[in-house]
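Structure assessment
Here is how the chains run, residue by residue.
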Amino acid sequence: MRDPHRIPVIVGVGEAIDRPASPAESLEPVALMAAALRDAEADAGAALLAQVDTLDLVGLVSWRYADPVGLLATQLNVDPARKTNASMGGETPIRLIHDAAVRIARGEQKVAAIVGGEATHSATRAQRDKVMPPWTPMASKEDAVRFPSSRFAMSPPATDLGMHDPAQVYPFYEMAAQHAWGQTPEEAQAESAALWARYAQVAAGNPNAWIKTAPDAAAIGTVSADNRMINWPYPKLMVANPQVNQAAAVLVTSLALARELGVPEDRIVHVWGGAAAREPEDYLLRDTYTHSTAQQVVLEDAAAQAGGAERFKHLELYSCFPVVPKMALRTLGLEDSDVAPTVTGGLTFFGAPLNNYMGHAAVAMVKRLREHPGDLGLLYGQGGYVNKHHALLVSTEAPEHDLAQDYSVQDKADALRGPVPSLIERHAGPATIETYTVRFGRDGVPLDGIVIGRTPAGERLMARVAPDDETSMALLLSTEHSAIGSEGHTRVDPFGKLTWEAGAARSLADRPRRFSKVEREGPLTIVTIDRPDVMNSLHPAANAELAEIFDDFAADPDQWVAIITGAGDKAFSAGNDLKFTAQAMAKGQPIDPPVTGFAGLTARFDLDKPVIAAVNGLAMGGGFEIALACDLIVASEDAVFALPEPKVGLAALAGGLHRLPRLIGLKRAMGMILTGRRVTAREGAELGFINEVAPASEVMAVARRWADEILANSPMSIRASKQTIQKGLDEPTLADAYRGQSAYPAVKTLFRSADAREGPLAFAQKRPPKWTGR
């Protein structure tokens, strides 16, 4: 006969929800948790809080505390022997309940309280309205508690591309799984919408749900202004909703103590067993994205413990994003079952108090089982990026067996897992899509695509798809055909990001130019910034085009000198496109310049070919910095120069703050920089940063004359001279520069070149030299 002192049971469940009129009236997370625990004690019908010897608090995010579990104990006027600020992760509440049950089965404790809660809705409103709620003062980042599993290992490619939000990662599984199931994206989206409608219907009947409108499948699956796309293929109504104020608590004890304290028999729910396993922490180091082996073995083991998945009359399948329950239903063989996948309502509609949704699911499951005595329920929680999986079996009926002490099925998961491909960070060549997603801005416009791909050697990579790459983006956003298996090529783009493009590798000439023009006249390259409607100001796409143009110029041995100018007669460049920048920042769109700097020039420190700036109007901010990065400046008489960044709360960080003092001296430069004042071309010539001033109609002619005079010389000599000057200025003394110059690459190349032989020979033969630049 089983010992009732070692039979773990759930005896009390409680919830708290807070919908204040303003943040000033809101409850902080710990206060919500205290309310949920008191509700759980009332639900049990017995004085259990005074008996609690373990208090586990699920990791929270919405407010920083130094010791939230200690503060909670103080508010409840209890002092359990064991108090833990437990881990992050959506499976955490289930794991904590299971662990408490195991400890009770071992006779190690009497009463455990598991609680979690968030006040994200109020915290967000308070930040937006700049109203400090009357909560416990927020702890500093240094003093705040650090919950386990608050961070997961992340490979450099994911970090580099900013792919760390779960809403960005789960679509990789969605797209891979639906392709493996033989579905088109349209068919898979219809399944997701229908499944989510089932969750919404349950939430509508849950008094503690945050959203109770129960949209139908058509509304859930249709993208609109109110249901914007978040990350392909998930719109807002298929994504977990953390903007809630909710808390939930569960009390676990032994059957013997429950009866001794007078807990009514119809309150008691038995813990039958469960299983847990994990995937590799870094999601780029998984064997596949078509399914989760850890999820599979956890659910298969849970079904085996039940005597078959058909014995589960009530389910809670974790629902942060549709792919998770879709995979779970297929593993359980219940995809066509009439049993609802949730007793709570799902993380979109019931609400997602971050790590504690499954705490609410446990509450809902206990209440459902009390209404249906003898039925068996399954609670399945999942955390991280499809990382952690935990299942728990519960029923009002006692199991015939003692609770297993070890619930891990990790060995099974590890044995079934396939080989993991090696991950590479850089690759220039063919690559096939393994899975993918598209990130969207708040305006519903794609920010970029992200693909996980495979090289011909089977290596894995992660690459970005540029939003203006219409061919590749159309492939990713197709609802008729999956992009998985599509062939393309990768390259490193001007921003240093690995970029995937559909089809064969494209040369620079194959990429359309929308913001610049390039002309070649023999060895002379003429580059025109072509955005006259915005005074030739630059945004990331324009910067990228210019960076690629100067990459090409630097690499082409037949191009020796470049001129850069602006389209129209008003501006060389007004600098950074501030209007675009403001809009991009609001959408979360990247605004960083290329790795070679503004216009591909301001951070290009290894270019040994001369570049001439033909400044034909305003050269403001970044526009002035582009000119300063050139070797010579020819300016029209009406040209104006300034570094006005301080006037708009910025700073000239594209090299202007360093180059200008070196060119004109510290005091003169400080006079321009600290005031942001405008300087005419004539004054610029007097200060020394302009080589020549010309009438507006003759600027390009004068710039060409300078170029012709340079082109009359050996290009190898010019490169050696420019590199020697640049590197020599970095040497600590003139003597060091003199001693080191013979080792400079361009100098060594010069004396191995045909030009070094042609010059003296042409002089001796009294003829013009024929330079080859080689």
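Criteria and thresholds
- Residues numbered from 1 in each chain as written.
- Predicted model: local features only at pLDDT ≥ 70, side-chain atom pairs only at ≥ 80, totals over all residues.
- Heavy atoms only, no water.
- Helix = DSSP H or I, 4+ residues; strand = E, 2+ residues; numbered from the N terminus.
- Buried < 20%, exposed > 50% of the residue type's maximum accessible area, 1.4 Å probe, protein only.
- Contact = heavy atoms within 4.5 Å.
- Areas by Shrake-Rupley, 256 points an atom, 1.4 Å probe, with all protein chains shown as cover.
- Lys, Arg positive; Asp, Glu negative; His and termini not counted.
- Charge placed at Lys NZ, Arg CZ, Asp CG, Glu CD.
- Expected span 1.5 Å × (residues − 1).
- Patch = residues over 30% accessible without salt bridge, like charges linked within 9 Å, V, L, I, M, F, W, Y side chains within 5 Å.
- Salt bridge = Lys/Arg side-chain N within 4 Å of Asp/Glu carboxyl O.
- Pairing = 2+ DSSP bridges.
- Axes fitted to C-alpha atoms, helices over the stretch in contact; angles between N-to-C directions.
- Core = buried A, V, L, I, M, F, W, Y, C linked by side-chain atoms within 4.5 Å.
- Phe/Tyr/Trp six-rings, centres within 6.5 Å; stacked < 30°, edge-to-face > 60°.
- Lys NZ or Arg CZ within 6 Å of the ring centre and 35° of its normal.

Details of the overall build of the protein chain
- Counting its regular elements, the protein chain contains 26 helices and 26 strands.
- Over its C-alpha atoms, taken along the principal directions, the protein chain stretches across nearly 115 × 55 × 50 Å.
- For the protein chain, buried positions account for 57% of its 774 residues.
- Counting contacts in the protein chain only where the partners sit at least 6 residues apart, residues at least 24 apart contribute 75% of the total.
- Total accessible area on the protein chain is roughly 31800 Å²; 54% of this is exposed by carbon and sulfur atoms.
- Averaged over its 76 positive side-chain charges, the protein chain has a centre that lies 5 Å from the centre of its 93 negative ones.

Considerations on helix H13 (residues 357-371)
- Helix length check: H13, at 15 residues, gives a terminal C-alpha distance of 21 Å against a target of 21 Å (1.5 Å per residue), a fit within 8%.
- Burial within H13 is extensive, with 12 of its 15 residues counted as buried.
- The complete set of buried residues in H13 reads Tyr357, Met358, Gly359, His360, Ala361, Ala362, Val363, Ala364, Met365, Val366, Leu369 and Arg370.

A short note on a nonpolar patch on the surface
- On the surface, Leu578, Val648 and Leu650 cluster together into a nonpolar patch covering about 250 Å² of accessible area.
- Along the chain, Val648 turns up in the loop between strand E24 (640-642) and helix H19 (656-664).
- Since its relative accessible area comes to 49%, Val648 is described here as partly exposed.

Let's talk about the sheet that holds strand E20 (residues 571-573)
- With mixed pairing, the four strands of this open sheet are ordered in space as E20-E22-E24-E25. Either end of the sheet is taken by a strand with one partner, and the two such strands are E20 and strand E25 (679-680).
- Pairing between E24 and E25: two bridges, direction antiparallel. Note on E25: the bridge partner recorded for Phe641 is Val679.

Notes on the sheet that holds strand E18 (residues 524-529)
- Across the sheet, six strands lie side by side as E17-E18-E19-E21-E23-E26; this open sheet has mixed pairing. Both outer strands of the open sheet, strand E17 (516-521) and strand E26 (692-694), are each paired with one neighbouring strand and no more. Put simply, the sheet's adjacent strands are angled 20° from each other on average, direction ignored.
- Where strand E21 (residues 611-615) lies against strand E23 (residues 632-636), four bridges are found, and the strand directions are parallel. By the bridge assignment, Ala613 is partnered in E23 with Ile633.

Brief notes about the pairing of E23
- With five of its five residues buried, E23 lies for the most part within the structure.
- Note: E23 against E26, three bridges, orientation parallel. From the neighbouring strand, Ser636 faces E26, where its bridge partner is Ala694.

Comments concerning the nonpolar core
- Grouped together as the largest cluster of nonpolar side chains are 122 residues, with contacts concentrated most on Ile10, Phe312, Leu378 and Met462.
- In terms of residue count, H13 provides more of this core than any other element does, nine residues in total.
- For Met462, the residues in contact, after removing those within four places along its chain, are Pro157, Ala158, Leu161, Met163, Phe172, Tyr283, Leu284, Ile450, Val451, Ile452 and Leu498.
- The next biggest cluster of nonpolar side chains, apart from the first, holds 43 residues, and it includes Phe553, Ala613, Leu628 and Ala639.

Focus on the packing of aromatic side chains
- Considering all chains together, one arrives at 14 aromatic pairs under this definition.
- What links up through ring pairs into an aromatic cluster is the set Phe152, Phe172, Tyr283 and Tyr385.
- The ring of Trp210 has Arg19 lying over it, and the distance from NZ or CZ to the ring centre is 3.9 Å.
- Sitting above the plane of the Trp181 ring, Arg330 keeps its charged end 3.6 Å from the centroid.

A closer look at unusual backbone geometry
- For the bond from Trp232 to Pro233, the omega torsion is 10°, close enough to zero to count as cis.
- Despite not being glycine, Asn77 shows a phi value in the positive range, around 60°.
- In this model, Ser149 sits at a positive phi of 65°, which is unusual for a non-glycine residue.
- Relative to the assigned elements, Ser149 resides in the loop between helix H4 (120-129) and helix H5 (156-160).

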